[in-house]
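Working through the structure, step by step
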Amino acid sequence: MRFDDRLDPLLEEIAEKIINCTRCPLAEGRINAVPGEGPQHASMMFIGEAPGAKEDETGRPFVGQSGQLMTDIMKDVGIAREEVFITSILKCRPPENRNPDPDEVRACAPFVLAQLDSISPIVTVTLGNAAYDLFSSTFYLPKRKVGEVHGKVFRLHSTGARYLMPTYHPAGLLYNRKLIPEFRKDLETALKYLGMRP
Ligand code: SF4
């Protein structure tokens, strides 16, 4: 995998806009907005649903229990967390970690799409149903639940990003540990596509 930790003004500009954003009511309850983190030229991008309590507290993505589990599994399959860009479709925490409201997703989606364009990763991994729903609508992918499409790799034609693969959200793995082997297998599949440039 490529590793480049140069700071690109564009990603920084997007982060700045997120930190100051008041486009939806979630701005009122946040401690911190969570723009995401990782190198500008990451080959892989991971996109979850929304920040939780720990993320809201720290302003960093996937730093709670499920984030730690994901980081461990990534490491096991050979993906270094510091080499990928990690973010979510909502940048502010919904109260009590409730599901994202469609209006909130609509308001926030331009940020994650701008990040995708800016980074232009080879492989984008969506984590959970909410992230896949946004990307399946945006890129005309099959409308399915993650349980049905996880591990399938789709070509994206209308963006600099090349492949998208949905998989489970790591929070789901904490409740159903039987999904961990499938999640691991999905990450191995995504990793294979890093070497394939369309
Ligand atoms: S969730 Fe997104 S749209 Fe809503 S305030 Fe936060 S950054 Fe803005």
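Residues numbered from 1 in each chain as written. Predicted model: local features only at pLDDT ≥ 70, side-chain atom pairs only at ≥ 80, totals over all residues.

Focus on the pairing of strand β1 (residues 44-48)
Of all five residues making up β1, five are buried, and the element is well covered by its neighbours. Residues Met-44, Phe-46 and Gly-48 point to one face of β1 and Met-45 and Ile-47 to the other, with burial holding for every one of them. The pairing of β1 with strand β3 (residues 123-127) spans four bridges and is classified as parallel. By the bridge assignment, Met-45 is partnered in β3 with Thr-124. Taken together, the four bridges between β1 and strand β2 (residues 85-88) define a ladder with parallel strand orientation. Looking at β2, one finds that Met-45 is bridged to Phe-85. (Buried ≥ 20, exposed ≤ 12 C-beta atoms within 10 Å, placed from the backbone. Helix = DSSP H or I, 4+ residues; strand = E, 2+ residues; numbered from the N terminus. Pairing = 2+ DSSP bridges.)

What to know about the site of the ligand
In the vicinity of the ligand lie 14 residues, with Cys-21, Cys-24, Ala-27, Cys-92 and Cys-108 positioned nearest. Among the secondary structure elements, those contributing two or more residues to the shell around the ligand are α2 (26-29) and α5 (102-119). Broken down by element, the residue count for the shell around the ligand peaks at three residues, all from α5. (Near = placed C-beta within 6 Å.)

Quick notes on the sheet that holds β3
Pairing between the strands of a sheet is mediated by backbone hydrogen bonds and can be parallel or antiparallel. Read from one edge of the open sheet, five strands run β2-β1-β3-β5-β4, paired in mixed fashion. Two strands close off the open sheet at either side, each with one partner strand: β2 and β4 (154-155). Summarising the sheet, β4 and strand β5 (residues 163-167) pair through two bridges and their orientation is antiparallel. From the neighbouring strand, Arg-155 faces β5, where its bridge partner is Tyr-163.

Digging into the nonpolar core
Grouped together as the largest cluster of nonpolar side chains are 46 residues, with contacts concentrated most on Met-44, Met-45, Phe-46, Val-84, Ile-89 and Ala-131. For this core, the leading source of residues is α5, giving six residues. Contact partners of Phe-46, with chain neighbours within four places excluded, come to Val-84, Ile-86, Val-125 and Leu-127. (Core = buried A, V, L, I, M, F, W, Y, C linked by C-beta atoms within 7 Å. Contact = placed C-beta atoms within 7 Å.)

Describing helix α9 (residues 180-193)
With 14 residues, α9 should reach 20 Å at 1.5 Å per residue; the first-to-last C-alpha distance of 20 Å fits that figure. Listing the buried residues of α9 in full gives Phe-183, Asp-186, Leu-187 and Ala-190. End-on view of α9: buried residues confined to an arc of 100°, all on one side of the axis. In α9, the exposed residues that point more than 90 degrees away from the buried face are Pro-181 and Lys-192. Looking at the buried positions of α9, the neighbouring elements they touch are β1, α4 (65-77), β3, β5 and α8 (170-175). (Expected span 1.5 Å × (residues − 1). Arc of directions from axis to C-beta.)

What to know about the environment of Glu-57
Structurally, Glu-57 is set in helix α3 (residues 53-58). Counting along the chain gives 23 residues from Glu-57 to Val-34, while the straight-line C-alpha distance between them is 9.5 Å.

Let's talk about the environment of Asp-56
Here Asp-56 is to be found in helix α3. Placed 37 residues apart in sequence, Asp-56 and Arg-93 show a C-alpha to C-alpha distance of 6.2 Å. Among residues more than four places away in sequence, those in contact with Asp-56 are Arg-30, Ile-31, Asn-32, Pro-51 and Arg-93.

Let's talk about the pairing of β5
Burial analysis of β5 places five of its five residues in the buried class, which makes it a mostly covered element. Of the two faces of β5, the one holding Tyr-163, Met-165 and Thr-167 and the one holding Leu-164 and Pro-166 are both buried throughout. Taken together, the five bridges between β3 and β5 define a ladder with parallel strand orientation. Paired with Leu-127 across the two strands is Thr-167, which belongs to β5.

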